[in-house]
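Fold and geometry: a report
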Amino acid sequence: MRKYFVLALLLFLCYLLQSSVLPAIAFGGIMPNLLIIFVAACGFMNGEICGLVTGFVCGLLVDVFGGEVIGFYALVYMTTGYINGMFQRIFYPEDMKLPLILILGSDLGYGLLCYLLLFLLRSRLDAGFYLLHVILPEAVYTIVIAFAVYPLLLLIHKKLEAAQKGSKE
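1. A few points about the overall build of the chain
- Counting secondary structure elements, the chain contains six helices and zero strands.
- When the helices and strands of the chain are read in sequence order from the N terminus, they spell out α-α-α-α-α-α.
- With the C-alpha coordinates aligned to their principal axes, the bounding extent of the chain is approximately 60 × 30 × 30 Å.
- Counting every position in the chain, which comprises 169 residues, the buried fraction comes to 42%.
- In the chain, once contacts between residues fewer than 6 apart in sequence are set aside, the share between residues at least 24 apart is 69%.

2. Remarks on the packing of helix 2 (residues 34-46) against helix 5 (residues 97-119)
- In contact at an axis separation of 9 Å, helix 2 and helix 5 are set at 130° when each is read in the N-to-C sense. Put simply, helix 2 runs oblique to helix 5. In terms of crossing hand, the pair formed by helix 2 and helix 5 is right-handed. Here I36, I37, A40 and F44 of helix 2 come into contact with helix 5, specifically with P99, L102, I103, S106, D107 and Y110.
- Residues that form the contact of helix 2 with helix 5 fall into these classes: eight nonpolar, one polar and one charged.

3. Considerations on the side chain of D107
- Along the polypeptide, D107 turns up in helix 5.
- Assessed through its relative accessible area of 2%, D107 is described here as buried.
- Only 3.1 Å separates the side chain of D107 from the backbone nitrogen of A139, close enough to count as a polar contact.
- With sequence-adjacent residues up to four places away left out, D107 is seen in contact with N33, I36, E138, A139 and T142.

Cut-offs and rules
- Residues numbered from 1 in each chain as written.
- Predicted model: local features only at pLDDT ≥ 70, side-chain atom pairs only at ≥ 80, totals over all residues.
- Heavy atoms only, no water.
- Helix = DSSP H or I, 4+ residues; strand = E, 2+ residues; numbered from the N terminus.
- Buried < 20%, exposed > 50% of the residue type's maximum accessible area, 1.4 Å probe, protein only.
- Contact = heavy atoms within 4.5 Å.
- Axes fitted to C-alpha atoms, helices over the stretch in contact; angles between N-to-C directions.
- Parallel < 35°, antiparallel > 145°, perpendicular 65-115°, else oblique.
- Left-handed = near helix turned anticlockwise from the far one by under 90°.
- Nonpolar A, V, L, I, M, F, W, Y, C, P; charged D, E, K, R; others polar.
- Polar contact = N/O pair within 3.5 Å; in protein donor to acceptor, adjacent residues only side chain to side chain.

Right, here's the structure in full:
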């Protein structure tokens, strides 16, 4: 129970940072996606169901407080969390390569889905411009921030797992 309370608290903290602090450090309108980092980390640390639920709540927050299409972000974040949760079986806390690759892939997938469903269907066909000026810079910025945020999330995960094992014994 404590684990889910801490995850909910972290989720709301990430959302608040995403919507209030990170726009202040945006470069040319590009800012890192802290919610993608959190959803991906919850997925591969805790499994498909936790990633799915975390992604749904993150997406719902984005949809309710600023989404253009209600339900779109909930679906995208939910899918991201679930797909990352499939990698729990090969997740080792000591190895930082897999989580960072998954975070990068999640952000690239998020950017491509946003382009396909929000822009391409509205006949905005300049995919090269969007890829070079929005998707790739956001992915790079997100992965740079992930180098700082991911170890903190991993530390919290280890503490929660230790506390959960201690309470079972």
